[in-house]
Amino acid sequence: MRRTVFNEDHEAFRETLRAFIEAEVVPVYDEWFAAGQAPREFYYKLGELGIFGINVPEEFGGAGLDSHKFEAVLYEETARAGVQFGGSGVHVLLALPYIKMLATDEQKKRYLPKFVSGEEMWAIAMTEPGTGSDLAGMKTTAKLSEDGTHYVLNGAKTFITGGVHADKVIVCARTSAPTAEDRRFGISLFAVDTKSEGYSIGRKLDKLGLRTSDTAELAFVDVKVPVEDLLGEENKGFSYLGHNLASERWGIAFGAYAQAKAAVRFAKQYVQERTVFGKPVAHFQNTKFELAACQAEVDAAEAVADRATEALDAGELTPAEAASAKLFCTEVAHRVIDRCLQLHGGYGYMNEYPIARLYADNRVNRIYGGTSEIMKTIIAKDMGL
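Note on numbering: residues in each chain are counted from 1, in written sequence order. For this predicted model, a pLDDT threshold of at least 70 governs which residues receive local features, and a threshold of 80 or more governs which side-chain atom pairs are given and counted, while totals over whole chains, interfaces and linings are taken from all residues. Side-chain descriptors were evaluated using all non-hydrogen atoms of the structure, hydrogens and water having been removed beforehand.

Here the focus is the packing of aromatic side chains. Whether two aromatic rings pair depends on their centres lying within 6.5 Å, for rings of Phe, Tyr and Trp, where Trp uses its six-membered ring; planes under 30 degrees apart make the pair stacked, over 60 edge-to-face, and the rest tilted. Inspection of the entire model under this criterion finds 16 aromatic pairs. Here phenylalanine 20 and phenylalanine 85 contribute two aromatic rings whose centre-to-centre distance is 6.2 Å and whose plane-to-plane angle is 85°, an arrangement assigned as edge-to-face. Here phenylalanine 20, found in helix α1 (residues 8-25), pairs with phenylalanine 85, found in the loop between α4 (69-81) and α5 (89-102); they are 65 residues apart in sequence, far enough to count as distant. The same class applies to phenylalanine 20 and to phenylalanine 85, which are both buried. Put simply, DSSP H or I for four residues or longer makes a helix, DSSP E for two residues or longer makes a strand, and each gets a number counted from the N terminus. Under the scheme applied here, a residue whose accessible area is under 20% of the maximum for its type counts as buried, over 50% as exposed, and between as partly exposed, the area being computed with a 1.4 Å probe on protein chains only.

At a closest axis distance of 8 Å, the pairing of α4 and helix α8 (residues 245-273) adopts a crossing angle of 35°. Seen along the crossing, α4 lies across α8 with a hand that is right-handed. Across the interface between the two elements, Glu71, Ala72, Tyr75, Glu76, Ala79, Arg80 and Ala81 of α4 pack against Trp250, Gly251, Phe254, Gly255, Tyr257, Ala258, Gln259, Lys261, Ala262, Arg265 and Phe266 of α8. Taken together, the residues that form the contact of α4 with α8 break down as 10 nonpolar, three polar and five charged. Note on definitions: angles span 0 to 180 degrees between N-to-C directions of axes, and those axes are lines fitted to C-alpha atoms, for helices only across the stretch in contact. Crossing handedness is defined as follows: a turn of the near helix away from the far one that is anticlockwise and smaller than a right angle gives a left-handed crossing, while the clockwise case is right-handed. We call two residues in contact when some of their heavy atoms are within 4.5 Å. Here the nonpolar group is Ala, Val, Leu, Ile, Met, Phe, Trp, Tyr, Cys and Pro; Asp, Glu, Lys and Arg are the charged ones; every other residue, Gly included, is treated as polar.

Glancing now at the pairing of strand β5 (residues 187-193). Counting buried residues in β5 gives six out of seven residues, a clear majority hidden from the surface. With seven bridges joining them, strand β4 (residues 168-174) and β5 adopt antiparallel strand pairing. When the sheet's bridge partners are listed, lysine 168 is paired in β5 with aspartate 193. Sheet topology note: the β5/strand β8 (residues 230-231) ladder contains two bridges and is antiparallel. Within the sheet, the bridge partner assigned to phenylalanine 190 lies in β8 and is leucine 230. Two strands are said to pair when DSSP picks up at least two bridges between them.

As a further point, take the layout of surface pockets. Both site types are read off a 1 Å grid over the protein atoms alone. A 1.4 Å probe that fits but cannot get out defines a cavity, while an open set with protein on both sides within 12 Å along at least five of seven lines defines a pocket; lining residues have an atom within 4 Å of a point. Grid points are joined across faces, edges and corners, and a volume is the space filled by probe spheres set on the points. When its volume is computed, the second largest pocket comes out at roughly 520 Å³. At the level of elements, α5, α7 (237-243), α8 and α9 (285-313) are the ones that each hand at least two residues to the lining of the second largest pocket. With six residues, the single largest contributor to the lining of the second largest pocket is α5. Residues belonging to the lining of the second largest pocket are distributed by class as follows: 10 nonpolar, eight polar and five charged.

See below:
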């Protein structure tokens with residue numbers, strides 16, 4: 001089936017990106033994998049390439065586009081090469097929408113030029129050690145000082161992607177107690193400078209997958225946050241978080257589809273080269289049937305991912321549709337990548353093969369951004385159940 005989601009500009013970007021990955025990432029990726037993170041200077045290269053500024057207005061140094069299709073190309077190309085761009089994904093996919101939606105003109109002038117260049121990397125801190133999907137239960141607090149010049153931030157966050165290299169972190173904290181009618185009330189968002197006194201990075205977490213993405217625990221002890229770094233209105237943070245969940249879940253869905261597509265590519269190449277019982281593994285009927293079934297699932301996931309992309313760009317992707325896309329694409333990726341690893345035999349369990357890394361990387365897709373069970377709950381509610 002012919003795809004219509006991308007145009008000539010997207011394909012030109014794809015060529016540039018593919019060449020960049022081959023020259024700048026593939027040769028050193030094993031080093032990043034062993035180190036557990038991409039080097040900080042790599043993000044300056046992404047800034048120079050224009051990756052961070054695609055959806056940033058021109059007045060702040062960006063390209064001024066309003067589309068997620070270039071991000072989609074990036075998902076496909078990194079998956080195709082079996083690499084990741086460290087923790088930079090959260091910089092664009094998660095942090096940028098909040099800056100664009102909530103920041104004042106004065107804040108944008110301070111934040112966005114350095115955002116685009118990679119001089120300041122951003123992360124977002126929602127999850128806490130005692131709260132996962134239940135964000136309304138967060139305990140981190142931000143209390144306004146008596147003179148009204150700053151907030152005093154105290155608490156802890158965990159599973160913060162990009163948390164080691166981040167220069168700015170959007171921290172979700174309680175500025176007021178929840179009400180009896182609405183336990184979600186009282187959460188606010190702040191752009192916190194990681195060089196602030198009392199701000200500390202705890203463990204760099206040792207994850208099953210996404211090994212080149214720096215993920216950390218954060219702690220705040222009497223951190224002073226200027227009132228000028230409050231994002232949006234006080235106490236309305238939960239509604240802001242909900243507003244951007246559709247784009248976040250789209251990103252996970254599209255990334256999962258891209259991983260599944262890459263897995264079929266890796267498996268096809270392997271079975272054509274690997275010989276057993278005197279002939280290539282690809283010659284056996286079981287191999288052909290397995291890959292054919294995987295390809296059919298990838299085709300379906302591609303259609304779902306592309307439809308969600310078009311809806312997101314049109315501003316029409318509903319929470320239920322985003323949940324459906326995430327649920328479907330991540331479950332497809334789970335099945336496809338597992339079957340493609342099986343076709344690699346014992347070598348599929350070795351980290352030197354991209355299918356093994358893909359298997360580990362993919363597992364979190366059904367957890368973060370809302371678990372598969374949460375996605376089913378959202379979809380069922382939308383169905384009137």
